[in-house]
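Coordinate inspection notes
Here is what each chain is made of, one letter per residue.
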Amino acid sequence: SSQGRSRIALPAVLRASVLQFSTSPSPSKMMRAVALVALCLPALAQGLKVRMETGDCPLCVAEDHCHLACADQRSVAPGSEFCLTACMGAHPGDVFDPEWFTRADQSIASRKALDENIARLGRELAEDTQ
């Protein structure tokens, strides 16, 4: 019975190796499964540690922290367009300091310029085909 025990979601590659090993345990398959577990164990342990400390998804918690820092530093709502864009891709361990948001400003400006250039090229192509 698995009552009272929490289950850890295994990555698909690891799950496939475990299933393959459990159906036909040859020495080479066993060595591959052990090596794969050894390679994945540090990442799984770190994710589990963060999840146990927070009880939440580590990426979600990092993004929440970024939104709060954004609101404090920029005096805007945490759900503002700027904060939503600036905090996209936040990870545990990131530092949400003024430099983070300066880089976000630069990235947003760069994407805007790229979008404008693509729109201009589209207009030029449309004019050339008429």
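Now for a description of the structure that goes with this document. (Residues numbered from 1 in each chain as written. Predicted model: local features only at pLDDT ≥ 70, side-chain atom pairs only at ≥ 80, totals over all residues. Heavy atoms only, no water.)

1. Things to note about helix α5 (residues 98-128)
Counted only if it meets this: Here a helix means four or more residues in a row that DSSP labels H or I, a strand means two or more in a row labelled E, and each is numbered from the N terminus. One fewer than the residue count of a helix, multiplied by 1.5 Å, yields its expected span. Think of it in three bands: residues with accessible area under 20% of the maximum for their type are buried, residues over 50% are exposed, and the middle band is partly exposed, with areas taken using a 1.4 Å probe on protein chains only. Contacts were defined at the residue level, with two residues in contact if any of their heavy atoms lie within 4.5 Å.
Taking 1.5 Å per residue, 31 residues should reach 45 Å; α5 reaches 45 Å between its end C-alpha atoms and fits that length. For α5, the set of buried residues is W100, F101 and A104. Buried residues in α5 make contact with α3 (58-74) and α4 (81-86).

2. With respect to unusual backbone geometry
Even without being glycine, S75 reaches a positive phi, approximately 55°. Along the chain, S75 turns up in the loop between α3 and α4.

3. A closer look at the environment of T129
The criterion, for reference: For this analysis, a polar contact is any N or O atom pair within 3.5 Å, provided that within protein one partner can donate a hydrogen and the other can accept it, and provided that sequence-adjacent residues contribute only side-chain to side-chain pairs.
By the element assignment, T129 lies in the segment after α5. A residue is classified by how much of its surface remains accessible, and T129, at 67% relative accessible area, is exposed. At 2.9 Å, the side chain of T129 forms a polar contact with the backbone oxygen of A126.

4. Some thoughts on the pattern of salt bridges
So the rule is basically this: What makes a salt bridge here is a side-chain nitrogen of Lys or Arg within 4 Å of a carboxyl oxygen of Asp or Glu, nothing more.
Per the stated rule, a full pass over the model turns up 2 salt bridges. Put simply, R74 and D105 hold a salt bridge, and the shortest N to O gap is 2.8 Å. Residue R74 is found in helix α3, and its partner D105 is found in helix α5; the two are separated by 31 residues along the sequence. R74 gets classed as partly exposed once you look at its relative accessible area, which sits at 30%. The closest approach of N and O atoms between E124 and R120, which form a salt bridge, is 2.6 Å.

5. Some words on the nonpolar core
For soluble globular proteins, the rule of thumb is that nonpolar side chains tend to be buried together. Note the cut-off: To form a nonpolar core, buried Ala, Val, Leu, Ile, Met, Phe, Trp, Tyr and Cys residues must be joined to one another through side-chain atoms within 4.5 Å.
Counting 13 residues, the largest nonpolar core has C66, C70, F82, A90, F96, W100 and F101 as the members making the most contacts within it. Considering each element in turn, this core owes the most residues, 4 residues, to α3. Ignoring sequence-local partners within four residues, the contact set of C70 consists of S75, V76, F82, C83, C87 and F101.

6. A short note on the packing of aromatic side chains
Let me state the cut-off plainly: Classification of ring pairs uses Phe, Tyr and Trp, with its six-membered ring standing for Trp, and accepts pairs whose centres are within 6.5 Å; under 30 degrees between planes counts as stacked, over 60 as edge-to-face, and the remaining range as tilted.
Summed over all chains, the structure comprises 2 aromatic pairs. Relative to F101, the ring of F82 lies with its centre 6.3 Å away and its plane at 45°, an arrangement referred to as tilted. Placement of the pair is F82 in helix α4 and F101 in helix α5, with a sequence separation of 19 residues. We note that F82, like F101, is buried. Taking the centre distance of 5.0 Å and the plane angle of 85° together, the rings of F96 and W100 count as edge-to-face.

7. Side note on the state of the cysteines
The cut-off we apply is this: In plain terms, two cysteine sulfur atoms within 2.5 Å form what is called a disulfide here.
The tally for this structure, following the rule as stated, stands at 2 disulfides. Residue C66 pairs covalently with C87 via a disulfide, S to S 2.1 Å. Its S-S torsion of about -80° marks the bond between C66 and C87 as left-handed, since a negative value means left-handed. Taken together, the residues C66 in helix α3 and C87 in the loop between α4 and α5 connect sequence positions 21 residues apart. Per residue, the accessibility class of C66 equals that of C87, and both read buried. A disulfide bridge connects C70 with C83, and the sulfur atoms are separated by 2.0 Å. Residues C70 and C83 are joined through a disulfide that is left-handed, its torsion about the S-S bond being -85°. One end of the pair, C70, is in helix α3; the other, C83, is in helix α4, with 13 residues separating them in the sequence. Residue C70 shares its accessibility class with C83, and that shared class is buried. Along the protein, the cysteines that take part in disulfide bonds pair up as 1-4, 2-3, counted in sequence order.

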